[in-house]
Amino acid sequence: MAAVNWGAMSGLEPAAGRLLVATPLLGDPHFARTVVYLLEHDGGGTVGVVLNRPSHTPVGQVLPDWHDAASGPAVVFGGGPVQPDGALCLGELEPGTTGIREVVDGVSTIDLDGDVAVVAPIARRLRVFAGHAGWSPGQLDDEMAEGAWWVVLGSPADLFSEDPRTMWRRVLRRQPPPLSLMSTFPEDPSLN
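Note that the structure is predicted; figures quoted are calculated from it, not measured.

## Remarks on the pairing of strand β3 (residues 45–50)
For β3, the buried fraction is high: 5 of the 6 residues fall into the buried class. Bridge analysis of strand β2 (residues 35–42) against β3 gives 6 bridges, and the strand direction is antiparallel. Opposite H41, over in β3, you have T46 as the bridge partner. If you look at the hairpin formed by β2 and β3, you'll find 2 residues sitting between the two strands. Pairing of β3 with strand β9 (residues 123–135), which is carried by 3 bridges, proceeds in the antiparallel orientation. Bridge pairing in β9 links V47 to G134.

Quick look at the structure:
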């Protein structure tokens, strides 16, 4: 049987707005079965947020003014292992408006020190993350070559999904074969 080239299955390059989907080979507990929304990928490295790790902490518990503005589930999401004590907010804003910096497709970073009364009327959806995921220049490319990640198209609907816990399977299921078949890969193949 020929060896599977896990990393070559998706064929896309990382870019803002795309998703990194952890392959079954990625055993790091920070990233096992995660879906990461990429915020930037350039010569300075790669930054993204994990989409499918909602916490049990309501946004209002740590950012009381922002609780009613946050999209459901209105909890803080574990965005990644980098700066886990820092908060990052992403919003899908009305056309023609931007937050601190537009990422792609109407998604912008939002200043949590700003006035929620100014942001809430122009925000279609908001999500708060504790920490983020980051890779130094070349690090993500190396991990992809090792078969740790697939790159697939993403959208604001992924970023603001109301059912984040099932995202890994759902994102894979909508891909063309053979990647769609990976959505059924068991968490523990030895039990299969």
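## A closer look at the nonpolar core
In terms of nonpolar packing, the biggest core is built from 37 residues, with L20, Y37, L51, W135, W149 and L159 touching the most fellow members. Put simply, the parts of the chain that give this core at least two residues each are β1 (19–22), β2, β3, β5 (75–78), β9, α3 (139–145), β10 (149–152) and α5 (167–173). Broken down by element, this core gets its largest block of residues, 5 residues, from β2. Sequence-distant contacts of Y37, defined by excluding residues within four places in its chain, comprise G17, R18, L19, V47, G48, V49, L51, V103, V104, V107, S155 and L159. With 14 residues, the next largest nonpolar core counts V59, A70, V76 and L112 among its residues.

Conventions adopted
Residues numbered from 1 in each chain as written. Predicted model: local features only at pLDDT ≥ 70, side-chain atom pairs only at ≥ 80, totals over all residues. Heavy atoms only, no water. Buried < 20%, exposed > 50% of the residue type's maximum accessible area, 1.4 Å probe, protein only. Helix = DSSP H or I, 4+ residues; strand = E, 2+ residues; numbered from the N terminus. Pairing = 2+ DSSP bridges. Core = buried A, V, L, I, M, F, W, Y, C linked by side-chain atoms within 4.5 Å. Contact = heavy atoms within 4.5 Å.

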